[in-house]
Amino acid sequence: CRTQGGNQGSLIGEYWDLSERMCQMNCNRNIACIAFEYSLQHRGQLCELHKDVIVHVFPMPGYICRIKPDLHLLAQYRGELLV
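Attention here is on the structure that accompanies the text.

Each value, and the rule that gives it
- Each residue is numbered by its place in its chain's sequence as written, counting from 1.
- Local features in a predicted model are, by the rule used here, given only for residues with pLDDT of at least 70; side-chain atom pairs are given and counted only at 80 or more, and totals for whole chains, interfaces and linings are based on all residues.
- Neither water nor hydrogens contribute to the side-chain values; these are computed over all heavy atoms in the structure.
- Pairing between strands is defined by DSSP: at least two bridges between the two strands are required.
- Numbered from the N terminus, helices here are DSSP runs of H or I no shorter than four residues, and strands are runs of E no shorter than two.
- Working convention: axes come from line fits to C-alpha atoms, limited for helices to the stretch in contact. Angles between N-to-C directions cover 0 to 180 degrees.
- In what follows, residue pairs with any heavy atoms lying within 4.5 Å of each other are defined as contacts.
- Patch members must show over 30% relative accessible area and no salt bridge, and they are joined within 9 Å when carrying like charges or within 5 Å when they are nonpolar side chains of Val, Leu, Ile, Met, Phe, Trp or Tyr.
- Methods summary: accessible areas were calculated by the Shrake-Rupley approach with a probe of 1.4 Å, and residue burial reflects only the protein chains presented.
- A side-chain nitrogen of Lys or Arg and a carboxyl oxygen of Asp or Glu constitute a salt bridge if their distance falls within 4 Å.

## As for the sheet that holds strand β6 (residues 63-67)
Line of reasoning, step 1. Strand order in the open sheet made by the four strands is β2-β4-β3-β6, with antiparallel pairing throughout. Strands at the two margins of the open sheet, each flanked by one partner only, are β2 (11-16) and β6. On average, each strand axis in the sheet is tilted by 15 degrees relative to the strand beside it, whichever way the strands run.
Line of reasoning, step 2. Sheet topology places strand β3 (residues 35-41) next to strand β4 (residues 44-50); seven bridges connect them, and they run antiparallel. Each bridged residue has a counterpart across the sheet, and for Q41 the counterpart in β4 is G44.
Line of reasoning, step 3. Running at roughly 155 degrees to β3, helix α1 (residues 20-29) makes contact with β2, β3, β4 and β6 of the sheet.

## Some words on a nonpolar patch on the surface
Line of reasoning, step 1. A surface patch of nonpolar side chains, amounting to about 290 Å² of accessible area, comprises F58, M60 and Y63.
Line of reasoning, step 2. For Y63, the position within the fold is in strand β6.

Below, the structure written as structure tokens:
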């Protein structure tokens, strides 16, 4: 997951040895979380929660970037306004 600022200050949490499902649940429970990145590292599984809008994804084996499904965020990505 890559943000406009190169991920500087975007992380709101970093968790080790969680399943991908638990990582997603942590993001869903955190109102500030917009996306999560899940990766398989040599030390274990790494879960990173992001608070900034993801502008692109750099594809790499063993890495997953998921954007939180939220209607207002989807509208922001599309440039729409929800009332």
